[in-house]
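# Observations on chain architecture
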Amino acid sequence: MAQEKDKPVHRIRLGRIVAAIWPNRTRDGRVWFNVTIMRSYKDGDQWNDTSTFGRDDLPMVAKAADMAYAWIWGQEVPADPDEATE
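These numbers come from a predicted model, not from an experiment.

### Here's the deal with the overall build of the protein
- In terms of helices and strands, the protein carries 2 helices and 4 strands.
- Partitioning the contacts of the protein with sequence separation of at least 6, the portion at a separation of at least 24 is 37%.
- Approximately 6,400 Å² of the protein is accessible, and the part contributed by carbon and sulfur atoms is 51%.

### A word on the packing of aromatic side chains
- In the structure shown here, the tally under the stated rule is 2 aromatic pairs.
- Ring centres of Phe-33 and Trp-71 lie 5.5 Å apart, and the angle between their planes is 80°; on these two criteria the pair is classed as edge-to-face. Here Phe-33, found in strand 3 (residues 31-43), pairs with Trp-71, found in helix 2 (residues 58-73); they are 38 residues apart in sequence, far enough to count as distant.
- With a relative accessible area of 14%, Phe-33 lands in the buried category.
- On the numbers, 6.2 Å between centres and 70° between planes, the contact of Tyr-69 with Trp-73 is edge-to-face. Here the residue Tyr-69 and the residue Trp-73 both occupy positions in helix 2, the gap between them amounting to 4 residues, near one helical turn.
- For Trp-73, a relative accessible area of 59% translates into the label exposed.

### Notes on the environment of Val-35
- Here Val-35 shows up in strand 3.
- Assessed through its relative accessible area of 36%, Val-35 is described here as partly exposed.
- As for Val-35 and Ala-19, which are separated by 16 residues in sequence, their C-alpha atoms are 6.5 Å apart.
- Aside from chain neighbours lying at most four places away, what touches Val-35 is Ala-19, Ala-20, Ile-21, Ala-68 and Ile-72.

### Details of the pairing of strand 2 (residues 17-25)
- By the criterion of burial, strand 2 is predominantly enclosed, with 7 of the 9 residues buried.
- With 5 bridges joining them, strand 1 (residues 10-14) and strand 2 adopt antiparallel strand pairing. From the neighbouring strand, His-10 faces strand 2, where its bridge partner is Ile-21.
- Relative to strand 3, strand 2 is paired through 9 bridges, and the arrangement is antiparallel.

Conventions and cut-offs
Residues numbered from 1 in each chain as written. Predicted model: local features only at pLDDT ≥ 70, side-chain atom pairs only at ≥ 80, totals over all residues. Heavy atoms only, no water. Helix = DSSP H or I, 4+ residues; strand = E, 2+ residues; numbered from the N terminus. Contact = heavy atoms within 4.5 Å. Areas by Shrake-Rupley, 256 points an atom, 1.4 Å probe, with all protein chains shown as cover. Phe/Tyr/Trp six-rings, centres within 6.5 Å; stacked < 30°, edge-to-face > 60°. Buried < 20%, exposed > 50% of the residue type's maximum accessible area, 1.4 Å probe, protein only. Pairing = 2+ DSSP bridges.

Structure (structure tokens):
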């Protein structure tokens, strides 16, 4: 299970914006997802990531969040593990 936490199950890349979707499991095996959104930038020769966004990044952040939402809904699992039926 640790390996599952190390990598997202799905990534959405829109230019410099990346939404990563991470699986989570309850003790009884129910699954839900969390999303992180990052922006890549170059500092000299090195690429870095940040979770801050400028004005012009926000349309792509919104689109990436929308696409992540749609992907999660397509997985047919509840967004909240407490909503799962037994």
